[in-house]
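Fold and geometry: a report
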Amino acid sequence: MIELDSATETLSVIPAQDPTTATTTATTTATTTIAQQLGQTHWREKGELLLKAESWQSALDCFGQALQFQPQDRASWQSYCLALDRLERYPEVIAAYDQALKFYPQDAVFWYNRGVVQRRMQRLSEAIESYSRAVQIRPNLSQAWYNRGCARAELRQYAEAITDYDRALALQPDKLTAWYDRGYALAALERYAEAVASYDRALVNPQNAAAWNNRGVALTQLQQYAEAVASYDRAIALDPQLGAAFTNRARALFELERYPAALSDLDQAISYQPNRWENWHQRGKVLYQLERYESAVASYDRAIQLDSAQPHWLDRAAALVQLELWEAALESYVQALRQPELALTTLAGLEQIIQVQPQRSAAWYWRGIACLQLQQFQTAAVSFARSLALQPNHADAWLHRGIALEQLHQWPSAADCFIRVLQLQPDHVEAQFYQGTLLLQIGQPQAAAQILDQVVQRCPDQSIVWAARGRAMLHLHQQQAALADFNRALELNPQQAEIWAAQGSLRFQAADYGAAIHSFEQALRLDPQLYAALLLRGTALLRTQQYLAAVQSFDQALKLRIDQPQAWSDRGDALLQLRRYGEAIQSYHQALTLNLRQPQIWYNQGLALERLNRTEAALKSYDQALKLQHNLPQVWRNRGRVLAQLKQYSAALLSFNRALKLQSDDYLCWQERSALLLQLGQLDASIGSLTQALLH
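Residues numbered from 1 in each chain as written. Predicted model: local features only at pLDDT ≥ 70, side-chain atom pairs only at ≥ 80, totals over all residues. Heavy atoms only, no water.

1. A look at the overall build of the chain
- The secondary structure content of the chain amounts to 39 helices and 0 strands.
- Relative to the globule expectation of 26 Å for 696 residues, the C-alpha radius of gyration of the chain, 40 Å, shows a markedly less compact shape.
- Overall, the chain is about 110 × 105 × 45 Å in size when its C-alpha atoms are taken along their principal axes.
- Residues classed as buried in the chain amount to 47% of the 696 residues present.
- Accessible surface computed for the chain: about 34700 Å², of which carbon and sulfur atoms make up 49%. (Helix = DSSP H or I, 4+ residues; strand = E, 2+ residues; numbered from the N terminus. Rg over C-alpha atoms; globule rule 2.2 N^0.38 Å. Buried < 20%, exposed > 50% of the residue type's maximum accessible area, 1.4 Å probe, protein only. Areas by Shrake-Rupley, 256 points an atom, 1.4 Å probe, with all protein chains shown as cover.)

2. Notes on the nonpolar core
- Of all hydrophobic cores here, the largest spans 124 residues; its most connected members are Y112, Y165, V286, Y333 and I353.
- With residues up to four places along the chain from it excluded, the contact list for I353 reads V321, W326, A329, L330, Y333, R360 and A363.
- Judged by nonpolar contacts, the second largest core, of 86 residues, contains W500, A608, V635 and W636. (Core = buried A, V, L, I, M, F, W, Y, C linked by side-chain atoms within 4.5 Å. Contact = heavy atoms within 4.5 Å.)

3. Quick notes on a nonpolar patch on the surface
- On the surface, L678, L683 and I687 cluster together to form a nonpolar patch covering roughly 290 Å² of accessible area.
- Considering the arrangement of structural elements, one finds L678 in helix α38 (residues 667-679).
- Given the relative accessible area of 51%, L678 is considered exposed. (Patch = residues over 30% accessible without salt bridge, like charges linked within 9 Å, V, L, I, M, F, W, Y side chains within 5 Å. Salt bridge = Lys/Arg side-chain N within 4 Å of Asp/Glu carboxyl O.)

4. What to know about the environment of I562
- Relative to the elements of secondary structure, I562 occurs in the loop between α31 (547-560) and α32 (565-577).
- Remark: the alpha-carbon pair of I562 and Q590, spanning 28 residues in sequence, is separated by 9.4 Å.

5. Re the environment of R182
- Mapped onto the elements of the fold, R182 is located in helix α9 (residues 176-188).
- Given a relative accessible area of 15%, R182 falls into the buried group.
- The spatial distance from the C-alpha of R182 to the C-alpha of G470 is 56 Å, given a sequence separation of 288 residues.
- In this structure, R182 is in contact with I162, Y165, D166, L169 and S198, ignoring residues within four places of it in sequence.
- Separated by 2.7 Å, the side chains of R182 and D166 make a polar contact. (Polar contact = N/O pair within 3.5 Å; in protein donor to acceptor, adjacent residues only side chain to side chain.)

6. Let's talk about α32
- Between its first and last C-alpha atoms α32 spans 19 Å; for 13 residues at 1.5 Å apiece the expected length is 18 Å, and the two agree.
- Most of α32 sits out of view: 10 of its 13 residues are buried.
- Those residues of α32 that fall on the buried side of the exposure criterion are A567, W568, S569, D570, R571, G572, D573, A574, L575 and L576.
- A positive phi of about 65° marks R579, the residue just after α32. (Expected span 1.5 Å × (residues − 1).)

7. Description of the confidence of the model for the chain
- The share of residues in the chain with pLDDT of 70 or more is 94%, and the mean pLDDT across the chain is 91.
- Ignoring residues within four places in sequence, the model shows residues 1-32, a span with pLDDT below 50, making 41 contacts including any to other chains. (pLDDT = per-residue confidence, 0-100.)

8. Comments concerning the pattern of salt bridges
- This structure, assessed with the given rule, holds 30 salt bridges.
- A salt bridge links R316 to D301; its shortest N-O distance comes to 2.6 Å. Of the two residues, R316 is situated in helix α17 (residues 312-322) and D301 in helix α16 (residues 293-306); the sequence distance between them amounts to 15 residues.
- Looking at R316, the relative accessible area reads 16%, which means it is buried.

Written as C-alpha cells, this is what we have:
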C-alpha cells in the first residue's frame, strides 16, 4: 500500500466561547473535548512507535484506542489499516477502509489501498472498481493507473491493461515495471514488435533478467531467432538459475538448427525443472533431429509420464518409425488419435506405415478411424474394407465401415455391416444401436424401436440410447413415450441442445408453452444458432403474450434464416399486439414477398393497415386473403367494416351478410351490420340486426 498524504494532521483549533454566555456545561464539554484529543494523540503516537518497531498487533490495538477517542481521524485510520495489512488480515483491512471511506469518500489513497488489498485477495473486479474511484478523484495518481492495469492483465483484459499502463507512463515515464508489464500484455495480444519495444524501455535497467527473457520470447515469435538467442544469453548471464531462459533459448537454437547447443540447454533446464513435460518433449525433438531415435523415444516416454494428454505420442511414433519398430509406432499413433485435432497428422504417419507394410490390417483399420474423425467417409469405408480383406472377422472394422457407409447414405451396405458384426458377436450392443438408428433413417421406426428397446435395457445409463429411442417413438407418433425418453436422456446428459429442442417441440405441441420455453432456452444456451428452437420459442412467447421477448426471438431466428416467411409472419403478429403497426406491416410484407399464397398473413396485414387508418390498403389486403380462401368469416366482416368507412355501403352490407352466412353467431358482425343499417336509415332492419347481436 502507498502512504500518500498520511502525515499526522494538525489538530483543529477549538473556537473561543463568549465568556458572557459560557455555562458550566460548556466548560465541562470543552474539558472533555480536550481530554479526548489528548487521549487520541497519545494512542496514535504510541501506535506509530510500535509500527516502526514492527509490533503490528500492539500497534493495531493502539490505533483502535485512538479511533475510540476520535473516530474520524484520518491518520489513525490509515495506520490502523496498515497494521491489519501487515498482519495479513485482509478481509478486516477492507472492512476498515470501508468504514474510513464513510468519513472520507473522496480520499483517493484510501480507495487505492483498498484496491491493493482486494487484488491480493484475487478479488480483481472489485480491485478495479477501487482503483477506478481513486483515479476519478485524483487523475494524476500514476500508481493507481498502473495497478488497475495489472489487475486487468490478471483478468486477461490485455487491451484495457495497456491503456492503463500508458496512462501511468504518461505520468511517470521512468516507471520500468510498467514498461515491463506493458510488454507482457502486448505479447499476450500477439503484438510482438511493440512488446520488444516496451521491453527495451524496461531494460534501461539492464539487470532485469526476466525482461531479457521475455524480450527473447517476443523475438522468437517474430522468428528473429538469432536476436532472441542474444536476449536469452543476457538473461542467463544475469540469472544462471532461470530455467525458463534455458528452455526458451533451446527453442530458438532448434529453429537455427543448432541442435547440440539446444540439447545442452534442455539438459540444463531439466536439471532445474525435472518435472516440466515441455522440456522433455522438446528434448525428444532435438534428439530426433540428431538421429538419436532411441534417446528421443526415451525423452517422449518421460514427457508422457508427466502429462499423457499432450501431443507426445505423435512425435514418439515418428521416432519409432525411423527405428522400424512398426508395432510400437502403430500403438503410438493409436494413442495420438485420442486427440481429434491430431487426426490429420496421424493419418499421414499411418500412411507411411502402410507404404512399408501394406499387409498390416491394423494400420488400415486405424487409418479408417482417422478418416472418420476427419469426416472423410468414403476414404474411411475403403480403409476398413482393406483391413477386412486382411482380417475378415474383425468385428470393430465391420462396425466402423457400417458407420462410414451410413454417413454416405449407403443404407443397405451399412445394414449388412451391422448384421455381420452381430453374426460375429451377437452381444455387440454398439452394433445393435447403430442398426436401430439405421432402421430409423430408412423409415422403419417400428423395427428401430424394437431394437432400441433391447439396447435401452442393456445400456440404461447411456443418454444417446434414450435419445435415439425417443426419436423412434416420435416417428411412431407416440408423443408421451418420446417425451419420457427425451426427459431421461437429458437427466443423464443435459448438455444436448438438439434433445432440449425436441423436448421443447413436444411440449409446444401439447400447448405447454411455459415448459416449452424453458426447453428452448436450455437448447439455445448450448447452441445459440439452433433456428428451430429460436422460431418455436418466439411462437411460444407470442402465445403466452410475451410479445417483446417474442420479437427478440424472431429477430435472432431471422439473422440465421432471413428467407423464412413463417418467422416474418409471427414477428408481425407480435408487433401487431405491441401496437407497432408500421413495423408489423413491414414484417408481413417480407413474409408475403417470400410466399404470396398466405391468406392469414394478408388478413393480419389488413388489420395493421386498418389500425393506421390506411383503409384502401387494408381493403386490398382483405381482398387478397379472400381470393386465396373465400370462406373466412372474420375477413368478410372486417372487409365490410372497411367498406363502410369508405362509404361503399351496399358492398359493406353484402360483406357483412357473407360473413354471417359463414358464421351466424358472430355478435360483433351483427353489431357492425346494425350500425351500418342505422346509418342507411333502415331502422327496423338495424333493430333486428342488433337483436341478433344480443342473442349471440
